Amino acid sequence: CFTGLRFSDIGRLRNENIKEDFIVLKTQKTKDSLYVPINAFAREILDKYKGLYEGRPLPPPFANQVINRFIKDVAKKAELNDLTMVEKFSGSTRITLSKPKYAFISTHTGRRTFITLSYEKGMQAEMIMKITGIKKWETLKKYLKVSEKSKLAKMQEFWNWDTVNKAITV
């Protein structure tokens, strides 16, 4: 969730993929070359494991299914139990699933979180797309899940007496 990379790409990282302030790699899914800037949080994790695993900047990964099970267990213990509805499509058939939130959390949630938080913090959509390797705006929109708290903050930022009075007097 600090790089926006897919689980498959994080698991394939080798020391040679770390080039000063960037993670440089060819993605497994799309074969695109990415240059992902390393932020302070990702740097801290890379520094923690530096030199501990031969040829690798991070510990060797478990299988994605195993990690997903661990993530769901942790989310359940953290009591992320709010009933959550998700709509999916199978062809043209709409399927609605209703489960506790922890049941929907997976490694891919980290990618979604990176994209959403980057957008909420003001990063340009084009920049997010370059970092994550997303090519189409339609694809990026599927990842963006703007929180209620973020909507409230923006509404209060743009619609308050000071900003309205300033707009009227200009």
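Everything here concerns the structure above.
Structure report, in brief. (Residues numbered from 1 in each chain as written. Predicted model: local features only at pLDDT ≥ 70, side-chain atom pairs only at ≥ 80, totals over all residues. Heavy atoms only, no water.)

**Regarding the overall build of the chain**
- A count of helical and extended segments in the chain gives eight helices and five strands.
- By its C-alpha atoms, the chain is 65 × 40 × 35 Å across when sized along the principal axes.
- Residues counted as buried form 26% of the 170 residues belonging to the chain.
- Across the chain, contacts joining residues at least 24 apart in sequence account for 44% of those joining residues at least 6 apart.
- For the chain, the computed accessible surface area is about 12500 Å², with 58% contributed by carbon and sulfur atoms. (Helix = DSSP H or I, 4+ residues; strand = E, 2+ residues; numbered from the N terminus. Buried < 20%, exposed > 50% of the residue type's maximum accessible area, 1.4 Å probe, protein only. Contact = heavy atoms within 4.5 Å. Areas by Shrake-Rupley, 256 points an atom, 1.4 Å probe, with all protein chains shown as cover.)

**Side note on the packing of helix H4 (residues 107-120) against helix H5 (residues 125-132)**
- Interhelical geometry of H4 versus H5 gives an angle of 155 degrees and a closest axis separation of 10 Å. Considered as vectors, H4 and H5 are oriented roughly antiparallel to each other. For the element pair H4 and H5, the recorded crossing hand is right-handed. Residues Arg111, Phe114, Ile115, Ser118 and Tyr119 of H4 pack against Ala125, Ile128, Ile131 and Thr132 of H5.
- Class assignment for the residues of the contact of H4 with H5 results in six nonpolar, two polar and one charged. (Axes fitted to C-alpha atoms, helices over the stretch in contact; angles between N-to-C directions. Parallel < 35°, antiparallel > 145°, perpendicular 65-115°, else oblique. Left-handed = near helix turned anticlockwise from the far one by under 90°. Nonpolar A, V, L, I, M, F, W, Y, C, P; charged D, E, K, R; others polar.)

**Some points on the side chain of Asn68**
- Positionally, Asn68 belongs in helix H3 (residues 64-77).
- On the basis of relative accessible area, Asn68 is assigned to the buried category, the value being 16%.
- Separated by 2.7 Å, the side chain of Asn68 and the backbone nitrogen of Thr107 make a polar contact.
- Setting aside anything within four residues of it in sequence, one finds Asn68 in contact with Ser106 and Thr107. (Polar contact = N/O pair within 3.5 Å; in protein donor to acceptor, adjacent residues only side chain to side chain.)

Purely geometric stuff here, so don't read any function into it on its own.
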